[in-house]
Amino acid sequence: MSKKTKNEHDDAEAPAHPVAKMGRKEYEREMRRLHGELVAMQEWVKRTGAKICIVFEGRDTAGKGGTIKRITERVSPRVFRVVALPTPTEREKSQMYVQRYVQHFPAAGEVVIFDRSWYNRAGVERVMGFCTEEQTLKFLELVPQFERAMADAGIILLKYWLEVSPEEQTRRLESRIDDPRKVWKLSDMDLKSYSRWYDYSRARDAMFLASDTAWGPWFIADTNDKKRGRLNIITHLLGRVPYEPLVPPDVTLPKRQKPGGYREPDLPVQHIPTPY
């Protein structure tokens, strides 16, 4: 790590021995509790006008999409916005590199989650040859200042790297081959990237060295167990945002109006079939 020693990071050390995979009931119980805390954070963000930007990077199959889905499934899409940009257009390729990302940054009262981010230049683009080595080095030189400008603008920046073992990555990719629910997740790029494990490791290490700063630190999450990984990430996220506990409102439903002679009409509308 560059600006800080490893011990100065507030993320926990990886366990010395593998931990048993978490059961579904325990997982859902903890997730329900954390969802309540995310709602409390949401209301604090709306009330205070906070601006939060969360970046998810990591190995292929590390669980970025699933983690983002669990973060956002119980909160408002008007507050929590997910950005997953496609391949840049010819026009975007001619722009300043970070330009296509800046336009998605949070305004007051928003949480923006990047499912991959400007760090594509330090990872996928570098390893797969989509940019020159000079472009990568220039990006790594400038990105700390870019993120310092974000912090100076009042944006809370959280950067997560999701890590899995080579064996677990292989298992997850193989599970996608014959599963019709997952086949869309298996792209040609995934297959090309699969053989370049150590190229990605070197690119990751260089990225950490250049961009792990006091105002934009990297946090590494072990996601070999997806359930534990998601819970750990959400818990850490909540701990980095100074939100306040949500006070439940005292709500009483009003009385519903009387029918006043209304009767259901016999209209020529179609109902969907009910096979279940």
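For the structure itself, consult the block above.
Bear in mind the structure is a predicted one, so any value in this text is a computation, not a measurement.

A.B. asks: Could you clarify how one ought to interpret the nonpolar core in this entry?
C.D. replies: General note: in soluble globular proteins, nonpolar side chains tend to be found buried as a group. In this structure, Met41, Ile54, Phe56, Val111, Tyr160 and Leu237 are the most contacted members of the largest nonpolar core, which totals 34 residues. For this core, the secondary structure elements donating two or more residues are helix H1 (24-48), strand E1 (51-58), helix H2 (64-72), strand E3 (110-115), strand E4 (155-163), strand E5 (218-222) and helix H10 (226-240). Apart from residues no more than four positions distant in its own chain, Ile54 is found in contact with Val111, Val112, Ile113, Phe114, Leu158, Tyr160 and Leu237. Cys53, Val112, Phe139 and Phe146 belong to the second largest nonpolar core, which has 24 residues in total.

A.B. asks: So what exactly am I meant to see when it comes to the pattern of salt bridges here?
C.D. replies: Opposite charge on two side chains permits pairing when their charged atoms draw close. Within the structure shown, the criterion is met by 25 salt bridges. Note that Asp152 and Arg148 form a salt bridge whose closest N and O atoms lie 3.5 Å from each other. You can see Asp152 and its partner Arg148 sitting in helix H6 (residues 133-152), four residues apart, about one turn around the helix. Its relative accessible area of 61% is what places Asp152 among the exposed residues. The structure contains a network of salt bridges with shared partners spanning Arg24, Glu28, Arg70 and Glu73.

A.B. asks: I tried to follow the packing of aromatic side chains on my own but got confused; where do I start?
C.D. replies: The geometry of an aromatic ring pair is captured by the separation of the ring centres together with the interplanar angle, meaning the angle of the planes. Going through the model one piece at a time under the given rule, you end up with 16 aromatic pairs. Judged by centre distance (5.9 Å) and plane angle (40 degrees), the rings of Phe105 and Phe146 are tilted. Taken together, the residues span a long stretch of sequence, with Phe105 in the loop between helix H4 (99-102) and E3 and Phe146 in helix H6 at a distance of 41 residues. Of the two residues, Phe105 and Phe146, both sit in the buried class.

A.B. asks: Help me understand unusual backbone geometry, please; the structure alone is not making it clear to me.
C.D. replies: As a rule of thumb, non-glycine residues mostly have phi less than zero, and peptide bonds are mostly trans rather than cis. One non-glycine residue, Thr61, lies in the positive phi region at around 75 degrees. One can find Thr61 in the loop between E1 and H2. Residue classification places Thr61 among the buried positions, given a relative accessible area of 7%. Notably, Arg116 is not glycine yet its phi reads approximately 70 degrees, a positive angle. Within the element layout of this structure, Arg116 appears in the loop between E3 and helix H5 (124-127).

A.B. asks: Just checking my understanding: could you explain empty space enclosed by the protein for this structure?
C.D. replies: Applying the stated criterion to the full structure yields one cavity of 30 Å³ or more. Estimates place the volume of the largest cavity at around 200 Å³. Surrounding the largest cavity, 21 residues form its lining, Gly58, Arg59, Asp60, Trp161 and Tyr200 being those nearest its centre. Elements with a minimum of two residues in the lining of the largest cavity: E1, helix H7 (166-177), helix H8 (188-194) and helix H9 (197-211). If you tally residues by element for the lining of the largest cavity, the top one is H9, at five residues. Its residues assigned to classes, the lining of the largest cavity comprises ten nonpolar, five polar and six charged.

Basis of the calculations
- Residues numbered from 1 in each chain as written.
- Predicted model: local features only at pLDDT ≥ 70, side-chain atom pairs only at ≥ 80, totals over all residues.
- Heavy atoms only, no water.
- Core = buried A, V, L, I, M, F, W, Y, C linked by side-chain atoms within 4.5 Å.
- Buried < 20%, exposed > 50% of the residue type's maximum accessible area, 1.4 Å probe, protein only.
- Helix = DSSP H or I, 4+ residues; strand = E, 2+ residues; numbered from the N terminus.
- Contact = heavy atoms within 4.5 Å.
- Salt bridge = Lys/Arg side-chain N within 4 Å of Asp/Glu carboxyl O.
- Phe/Tyr/Trp six-rings, centres within 6.5 Å; stacked < 30°, edge-to-face > 60°.
- 1 Å grid on protein atoms, 1.4 Å probe; cavity = no way out; pocket = protein on both sides within 12 Å on 5 of 7 lines; lining within 4 Å.
- Points joined across faces, edges and corners; volume = space filled by probe spheres on them.
- Nonpolar A, V, L, I, M, F, W, Y, C, P; charged D, E, K, R; others polar.

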